[in-house]
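# Per-entry structural report
Each chain, letter by letter, is given below.
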Amino acid sequence: MKKLFSMLLTLVVLLSTTTSVEALESKTLERHNGASAYAEWYETQDNATTYTYLSVIETKDGTDIYVSTYTYGPDYWSEKWGYMFTKDNVFKMDKKLNSASLSEVEIDVNNRYTGETDTLAVKANWTGVGDISGGSSSYSSRNGDYVWKSSDSSTSREASATASIDGLSLETSSSASLSNFKSAYMSMEK
């Protein structure tokens with residue numbers, strides 16, 4: 001009887017281990033932390049208005065940078081935009097969202113109307129202004145043996161930004177912001 005009990009206990013332990021391994025094999029967990037900044041400028045000169053937009057998103061994988069410029073007037077329209085990803089340490093922002101800086105990078109931009117490609121040298125600085133605000137959200141769902149959960153949180157602060165794009169100095173931005181973010185995602189099938 002003791003031997004039979006011992007064999008049954010061993011079998012139960014083996015089955016539990018197998019079930020745990022199978023459960024772990026069907027579990028996905030992702031976490032993303034990062035920092036971001038954006039700014040936009042409007043400038044009018046000789047009946048033409050130029051709108052410039054710059055955004056930077058940094059995660060543990062690297063830094064995404066996007067820039068676009070639109071110039072329009074009574075008889076003129078130009079649109080250029082470009083994107084780059086780099087693993088170089090080109091973006092710095094302090095945790096309290098007081099300031100941030102983008103070191104000079106070269107971004108290839110496409111002209112939407114001519115198809116031509118140019119390279120722009122881009123650098124920028126942000127200074128946080130006003131109060132820091134934050135928010136968070138979470139979501140969970142179950143469908144049979146499938147479980148899905150996600151959560152997001154972020155803090156942000158309005159900012160003032162200056163930049164240099166292709167040697168052209170852009171003074172105080174019309175709108176800008178700094179933010180930190182965290183997100184987590186988990187899916188599991190039992």
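The structure we're discussing is the one just above.
Here we summarise the structure given alongside this text. (Residues numbered from 1 in each chain as written. Predicted model: local features only at pLDDT ≥ 70, side-chain atom pairs only at ≥ 80, totals over all residues. Heavy atoms only, no water.)

### Thoughts on the overall build of the protein
A tally of regular secondary structure across the protein gives one helix and ten strands. Taken from N to C terminus, the helices and strands of the protein fall in the order α-β-β-β-β-β-β-β-β-β-β. Within the span of the protein, comprising 190 residues, buried residues form 30% of the whole. For the protein, the share of sequence-separated contacts (at least 6 apart) that also reach a separation of at least 24 residues comes to 57%. Summing over all exposed atoms, the protein offers an accessible surface of approximately 12,500 Å²; the carbon and sulfur share of this is 51%. (Helix = DSSP H or I, 4+ residues; strand = E, 2+ residues; numbered from the N terminus. Buried < 20%, exposed > 50% of the residue type's maximum accessible area, 1.4 Å probe, protein only. Contact = heavy atoms within 4.5 Å. Areas by Shrake-Rupley, 256 points an atom, 1.4 Å probe, with all protein chains shown as cover.)

### Notes on unusual backbone geometry
Positive phi, close to 65°, is recorded for N47, a residue that is not glycine. For N47, the location among the structural elements is in the loop between strand 1 (27-45) and strand 2 (48-59). Take N47: its relative accessible area is 64%, and that puts it in the exposed class. Although it is not a glycine, D166 adopts a positive phi angle of roughly 55°. Turning to its location among the elements, D166 is positioned in the loop between strand 8 (146-165) and strand 9 (168-170).

### Things to note about a nonpolar patch on the surface
A cluster of nonpolar side chains, namely Y42, Y72, W77 and Y113, defines an oily patch on the protein surface of about 470 Å² accessible area. By the secondary structure assignment, Y42 is in strand 1. (Patch = residues over 30% accessible without salt bridge, like charges linked within 9 Å, V, L, I, M, F, W, Y side chains within 5 Å. Salt bridge = Lys/Arg side-chain N within 4 Å of Asp/Glu carboxyl O.)

### Description of the pattern of salt bridges
For the structure on display, the rule yields two salt bridges. Two residues, R112 and E79, come together in a salt bridge whose shortest N-O distance is 3.0 Å. In this pair, R112 is assigned in the loop between strand 6 (99-111) and strand 7 (117-143) and E79 in strand 4 (residues 76-86), connecting sequence segments 33 residues apart. A relative accessible area of 55% places R112 in the exposed class. With its nearest N and O atoms 3.0 Å apart, the salt bridge here joins D118 to K80. Of the two residues, D118 sits in strand 7 while K80 sits in strand 4, which places them 38 residues apart along the sequence.

### Some points on the environment of K60
If you trace the backbone, K60 turns up in the loop between strand 2 and strand 3 (62-73). Look at K60 and you get exposed, because its relative accessible area is 71%. Note: C-alpha distance between K60 and K87 (27 residues apart in sequence) is 8.9 Å. Excluding residues that lie within four positions of it along the chain, K60 makes contacts with R31 and N33.

### Focus: the environment of W81
Locating W81 in the fold gives a position in strand 4. Expressed as a C-alpha distance, the spacing of W81 and Y66, which sit 15 residues apart in the sequence, is 7.6 Å. With sequence-adjacent residues up to four places away left out, W81 is seen in contact with Y66, V67, S68, D108, V109 and N110.

### Overview of the nonpolar core
Formed by 29 residues in total, the largest nonpolar core has its most connected members in L54, I65 and W126. Counting residues per element, the ones that place at least two in this core are strand 1, strand 2, strand 3, strand 5 (91-93), strand 6, strand 7, strand 8 and strand 10 (175-189). For I65, the residues in contact, after removing those within four places along its chain, are L54, S55, V56, G82, Y83, M84, V90, L102, V105 and I107. (Core = buried A, V, L, I, M, F, W, Y, C linked by side-chain atoms within 4.5 Å.)

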